[in-house]
Amino acid sequence: MTKIKPYKDSVLGKKEQVTKMFDTISGDYDGLNRVISFGIDIKWRKKVVDIVKQTNPKTVLDIATGTGDLAINLAVTGAKKIVGLDISSGMLEIGKEKVTQKGLNSQIEMILGDSENMPFEDNTFDAITVAFGIRNFETLEKGLKEIFRVLKPGGAFVILETSKPEKTPYKQGYNFYTKNILPLIGSMFSKDKSAYKYLCESASVFPYGEALNNILRKIGFINVTDLPQTLGVATIYTSSKQ
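Reading the values: the criteria
Residues numbered from 1 in each chain as written. Predicted model: local features only at pLDDT ≥ 70, side-chain atom pairs only at ≥ 80, totals over all residues. Heavy atoms only, no water. Core = buried A, V, L, I, M, F, W, Y, C linked by side-chain atoms within 4.5 Å. Buried < 20%, exposed > 50% of the residue type's maximum accessible area, 1.4 Å probe, protein only. Helix = DSSP H or I, 4+ residues; strand = E, 2+ residues; numbered from the N terminus. Contact = heavy atoms within 4.5 Å. Axes fitted to C-alpha atoms, helices over the stretch in contact; angles between N-to-C directions. Parallel < 35°, antiparallel > 145°, perpendicular 65-115°, else oblique. Left-handed = near helix turned anticlockwise from the far one by under 90°. Nonpolar A, V, L, I, M, F, W, Y, C, P; charged D, E, K, R; others polar. Pairing = 2+ DSSP bridges. Polar contact = N/O pair within 3.5 Å; in protein donor to acceptor, adjacent residues only side chain to side chain.

Another aspect to go through is the nonpolar core. Core analysis: the largest hydrophobic core is formed by 27 residues, its most contacted members being L61, F120, I128, I147, F157 and L216. Residue assignment for this core shows that the elements contributing at least two residues are β1 (59-63), β2 (81-86), β4 (125-131), α5 (140-150), β5 (151-162) and α8 (210-219). For L61, the residues in contact, after removing those within four places along its chain, are V83, L85, M118, F120, F125, A127, I128, T129 and V150. I72, A75, M110 and A234 belong to the second largest nonpolar core, which has 24 residues in total.

Given below as structure tokens:
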């Protein structure tokens with residue numbers, strides 16, 4: 001898999017560049033995402049929550065939680081403890097404000113941390129989610145192994161990530177939108193013109209569908225399934241740990 005970085009002229013590693021990028025765009029992130037996805041990302045996250053809720057988790061970890069949208073939505077699962085983890089302090093600060101405004105501080109904890117080196121013991125969480133975050137891992141398999149480590153046996157792992165439509169004419173329309181329209185919108189509304197170009201490019205090279213399923217199986221996850229959303233522009237992946 002080609003390793004795409006936000007800032008091509010930077011000597012920083014991908015992890016450091018991603019942290020810098022999300023710190024920079026944190027104030028624009030929520031509003032811009034609603035515009036770019038036409039608000040459909042809200043529906044996708046609700047489906048993730050519905051899947052997790054069926055497992056009746058007591059503890060949930062939301063990795064790459066960003067400004068906390070999914071972590072907050074997961075409160076309806078009835079989990080006693082939800083942890084939102086992210087490497088961007090800028091995104092987390094906004095997330096913490098949202099958690100406080102919702103009155104969920106006793107249920108949700110927002111933590112600054114690295115998804116590839118998490119500060120949790122083995123077999124800690126009943127369910128783990130990642131929404132639009134795994135393509136930002138510096139080393140995908142390392143991050144997935146770390147997720148596998150902290151997930152309890154029998155626990156559920158749910159991913160929501162961008163993917164690419166494969167049927168004509170949706171494939172051509174998606175390619176045109178992501179290569180031409182989306183970066184233009186990002187550059188108009190964001191302080192960081194490289195950020196949304198990176199997000200488009202990283203989505204275009206990231207493995208999806210059966211390719212990602214096979215990586216999950218290689219790590220040790222079982223019951224791996226993929227559920228394409230909205231003509232295939234995003235996919236929900238479900239799996240578990242034996």
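More follows now that the structure is in view.
Now for the packing of α5 against α8. Between α5 and α8, the shortest axis-to-axis distance is 10 Å and the interhelical angle comes to 55 degrees. Relative to α8, the element α5 is oriented oblique. Considering how the two elements wind past one another, α5 and α8 form a crossing that is right-handed. Where α5 approaches α8, its residues L140, E141, L144, K145 and F148 are matched on the opposing element by L212, I215, L216, K218 and I219. By residue class, the composition of the contact of α5 with α8 is 7 nonpolar, no polar and 3 charged.

Sheet strands line up and pair through hydrogen bonds in the backbone, either parallel or antiparallel. With respect to topology, 7 strands assemble into an open sheet ordered β3-β2-β1-β4-β5-β7-β6, the strand pairing being mixed. With partners counted over all chains shown, the strands left at the sheet margins are β3 (108-112) and β6 (222-229), one partner each. Averaged over all adjacent pairs, the angle separating strand axes in this sheet is 15 degrees, with direction ignored. Here 5 bridges tie β2 to β3, and the two strands are oriented parallel to one another. Pairing of I82 across the sheet is with I108, part of β3. In the packing of α5 onto the sheet, contacts are made with β1, β4 and β5, and the angle to β5 comes to roughly 145 degrees. The sheet strands contacting α8 are β5, β6 and β7 (234-240), and the helix crosses β6 at an angle near 155 degrees.

This part covers the environment of N105. Structurally, N105 can be placed in the loop between α4 (89-101) and β3. Reaching out from N105, the side chain makes a polar contact with the side chain of T100 at a distance of 3.2 Å.

Our focus in this paragraph is the pairing of β1. The buried fraction of β1 amounts to 5 of the 5 residues, a majority that puts the element mostly inside the structure. In this structure, β1 lies alongside β2, joined through 5 bridges in parallel fashion. Looking at the pairing, D62 lines up with G84 of β2. The sheet contact formed by β1 and β4 spans 4 bridges and is parallel. Paired with V60 across the strands is A127, a residue of β4.

This brings us to the side chain of D69. In this fold, D69 is placed in helix α3 (residues 69-73). Taking relative accessible area as the criterion, D69 reaches 17% and is therefore assigned buried. In this structure D69 touches D30, R34, R45 and K98, once residues within four positions along its chain are discounted.

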